[in-house]
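# Results of the structural survey
Chain residues, written in single-letter form:
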Amino acid sequence: MSDPPPTAGTADVVVAHSRCVATVDDERREIDDGWVAIADGLVTAIGSGEPPDAVTTIDASGCLVTPGLVNTHHHLFQNLTRAYPPMIDKPLFGWLRSLYPLWRTIDAESVHVSAWVGLAELALSGCTTSTDHLYLHPHGAGDLLTAEIDAARDLGVRFHPTRGSMSLSVKDGGLPPDDVVADDDEILAACEEAVARHHDRSFAAMTRIALAPCSPFSVTEELMVRTAELAERLDVRLHTHFAENAEDDAFSLETFGCRPTEYLERTGWCTDRTWVAHCVTPDADEIARLGAAGVSAAHCPSSNMILASGISPVVDLRAAGVDVGLGVDGSSSADSASLWLEARQAMLLAKLRDGADAGSARMALEIATLGGARCLGREGEIGSLRVGGVGDLAVWDLTGPVHAGAVSDPVEAWLRCGPVSARDTLVAGRAIVRDSRLVSERVAEFLVEHDRLARRVQQAI
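## Points about the sheet that holds strand β1 (residues 11-16)
The strand order across the open sheet built from four strands is β5-β4-β1-β6, with neighbouring strands paired in mixed fashion. A strand with exactly one partner marks an edge of an open sheet, and here the two such strands are β5 (42-48) and β6 (54-59). When the angles between neighbouring strand axes are averaged without regard to direction, this sheet yields 20°. Where strand β4 (residues 34-39) lies against β5, six bridges are found, and the strand directions are antiparallel. In the sheet register, Gly34 faces β5, and the bridge partner there is Ser48.

As structure tokens, then:
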């Protein structure tokens, strides 16, 4: 049951004596009394029984150990407008119209602080890698992408943000106000600069960049085409909102004369470079076309429910070859950033939509880890525990009243019981969360600043 021992020296960290290590590797091994050894940020060995020596040994008795969870869709700046009363009863388009007047006031300071707090919340739920769809860039707001990358580096999480964009304002038939959009040439230049400055192509990189026009209803068709061409030239990934609800479909038919899947095809986005967010409304033929093209999808269960968008056909998508990851989405829709919660919702919604046998905890764990790695183009690095992969993992305590009686299957217990947060979250072998608390000494400082900035933004109109 054990991989080869570490090839040289003592491990930096060993997570030992777990109830089970769920590796989500190619064989989907689940190792009782398991341990994971990490050195220089990478997994060096996995086994059962007596662990090897290490500088630091973390006792995981009574715990499930999983790969670190991967968040594939978010808008971190939206933490600043959580539970904002004018938007709580709106579907997608009305929700956006109620919030754009507030979001137009964000700047580098508010983006930095909201990103730090949002990523910290994710880490508490076992997330070790997150993307962010940063599509809002108000005129004169400063370098927002660098602001959130700096926050991720300070906290120590692995980050794969996107340089998002909007080019159609209200006067052009779009939804956003004039002062948060830019012209296509300006956007593409900013995208190329972001990749040149921040994209790290090395194995186990802490920062990578993708390109992400906001949505078909907020950018020009030319920008969609040119962004796909730029991503191909720069060899980076593509991301956008897609087929989110009936309003989205109706807009596409009225504006482009086709449904969203055909629009992706004609703009050059139906490729294995692309992962889309939501993917709620494709029909059976469109699902097959997405799978054949190698498109991946970020499933956002809570956001889709709270905005009454619908239930993504996750079971059918996976059967068609679409790699599905999980996204907490912007906190102004879901108002929560727990990937554990999204994994549970994904399991429950699969059962509700496709039958009691359609969704399991193992399916949801795979979506939350390996599926996310595939969305981000990082399979073999993140999303599984394997020798040579990154030392990113989460330790989940399965003891106490919440899990009492769940003695037969630790993976099902992890998701059927609860709610829970991660006891420990490690990124490259370094603890970000320890004993269910953030390790950083700056938490209180950032929370005070975040509430101050949230009040400023919410009082902007």
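## Side note on helix α1 (residues 92-103)
Its twelve residues place the ends of α1 16 Å apart at the C-alpha level, agreeing with the 16 Å of an ideal helix rising 1.5 Å per residue. Those residues of α1 lying buried are Leu92, Phe93, Gly94, Trp95, Leu96, Ser98, Leu99, Tyr100, Leu102 and Trp103. On the buried face of α1, the contacting elements are α6 (246-256) and α14 (443-458).

## A few points about the side chain of His137
Within the secondary structure, His137 sits in the loop between β9 (127-134) and α3 (144-155). A relative accessible area of 16% places His137 in the buried class. Side-chain polar atoms of His137 contact the backbone oxygen of Leu134, separated by 3.0 Å. Apart from residues lying up to four places away in sequence, His137 is in contact with Leu144, Arg163, Gly164, Asp179 and Val180.

## Details of the packing of α3 against helix α4 (residues 184-198)
At a minimum axis separation of 12 Å, α3 and α4 run at an interaxial angle of 25°. In terms of orientation, α3 lies roughly parallel with respect to α4. The two elements α3 and α4 cross, and the hand of that crossing is right-handed. Facing α3, whose interface residues are Leu145, Thr146, Ile149 and Arg153, α4 presents Ala194, Arg197 and His198. By residue class, the composition of the contact of α3 with α4 is three nonpolar, two polar and two charged.

## Focus: the sheet that holds strand β7 (residues 63-67)
Across the sheet, which stays open at both edges, the seven strands sit in the order β3-β2-β7-β16-β17-β18-β19 with mixed pairing between neighbours. A single partner strand is all that each edge strand has here, and the edge strands are β3 (30-32) and β19 (437-438). Relative to β3, strand β2 (residues 20-22) is paired through three bridges, and the arrangement is antiparallel. Residue Ala22 lies in a different strand from β3, and its bridge partner there is Glu30.

## With respect to the pairing of β7
Here β7 lies mainly inside the structure; five of its five residues are buried. As paired strands, β2 and β7 are joined by two bridges and run parallel to one another. Bridge pairing in β7 places Val21 opposite Val65. Summarising the sheet, β7 and strand β16 (residues 393-397) pair through five bridges and their orientation is antiparallel. Looking at β16, one finds that Thr66 is bridged to Ala394.

## Concerning the pairing of strand β13 (residues 274-278)
Counting buried positions along β13 gives five out of five residues, so the element sits mostly inside the fold. Relative to β13, strand β12 (residues 238-242) runs parallel, the two sharing five bridges. Its bridge partner being in β13, His241 is matched across the sheet by Ala277. Note: β13 against strand β14 (residues 296-299), three bridges, orientation parallel. Note that in β14 the partner of Trp275 across the bridge is Ser296. Assessed by its sense of winding, the connection that carries the chain from β13 through helix α8 (residues 284-293) to β14 is right-handed.

## Some thoughts on the packing of helix α11 (residues 339-354) against helix α12 (residues 361-375)
When two helices pack together, you describe them by how their axes are tilted relative to each other and by the distance separating the axes. Two elements in contact, α11 and α12, have axes separated by 9 Å at closest approach and are oriented at 130°. The orientation of α11 relative to α12 falls into the category oblique. For the crossing formed where α11 meets α12, the hand is right-handed. Contacts from Ala343, Ala346, Met347 and Ala350 in α11 reach Ala361, Met363, Ala364 and Ala368 in α12.

## Quick notes on the packing of aromatic side chains
By convention here, two paired aromatic rings are described through the distance between centres and the angle between planes. Scanning the entire structure with this criterion turns up eleven aromatic pairs. Look at Trp95 and Trp103: their rings are 5.6 Å apart centre to centre, the planes differ by 75°, and that puts the pair in the edge-to-face class. Seen from their ring centres, Phe217 and Phe251 are 5.9 Å apart, and the 75° between their planes marks the pair as edge-to-face. Residue Phe217 is found in the loop between β11 (210-213) and α5 (221-234), and its partner Phe251 is found in helix α6; the two are separated by 34 residues along the sequence. Take Phe251: its relative accessible area is 19%, and that puts it in the buried class. The structure contains a cluster of three or more aromatic residues connected by ring pairs, namely Phe77, Trp95, Tyr100, Trp103 and Tyr135.

Reading guide: rules and limits
- Residues numbered from 1 in each chain as written.
- Predicted model: local features only at pLDDT ≥ 70, side-chain atom pairs only at ≥ 80, totals over all residues.
- Heavy atoms only, no water.
- Pairing = 2+ DSSP bridges.
- Helix = DSSP H or I, 4+ residues; strand = E, 2+ residues; numbered from the N terminus.
- Axes fitted to C-alpha atoms, helices over the stretch in contact; angles between N-to-C directions.
- Expected span 1.5 Å × (residues − 1).
- Buried < 20%, exposed > 50% of the residue type's maximum accessible area, 1.4 Å probe, protein only.
- Contact = heavy atoms within 4.5 Å.
- Polar contact = N/O pair within 3.5 Å; in protein donor to acceptor, adjacent residues only side chain to side chain.
- Parallel < 35°, antiparallel > 145°, perpendicular 65-115°, else oblique.
- Left-handed = near helix turned anticlockwise from the far one by under 90°.
- Nonpolar A, V, L, I, M, F, W, Y, C, P; charged D, E, K, R; others polar.
- Right-handed = clockwise from strand over helix to strand, strands pointing away.
- Phe/Tyr/Trp six-rings, centres within 6.5 Å; stacked < 30°, edge-to-face > 60°.

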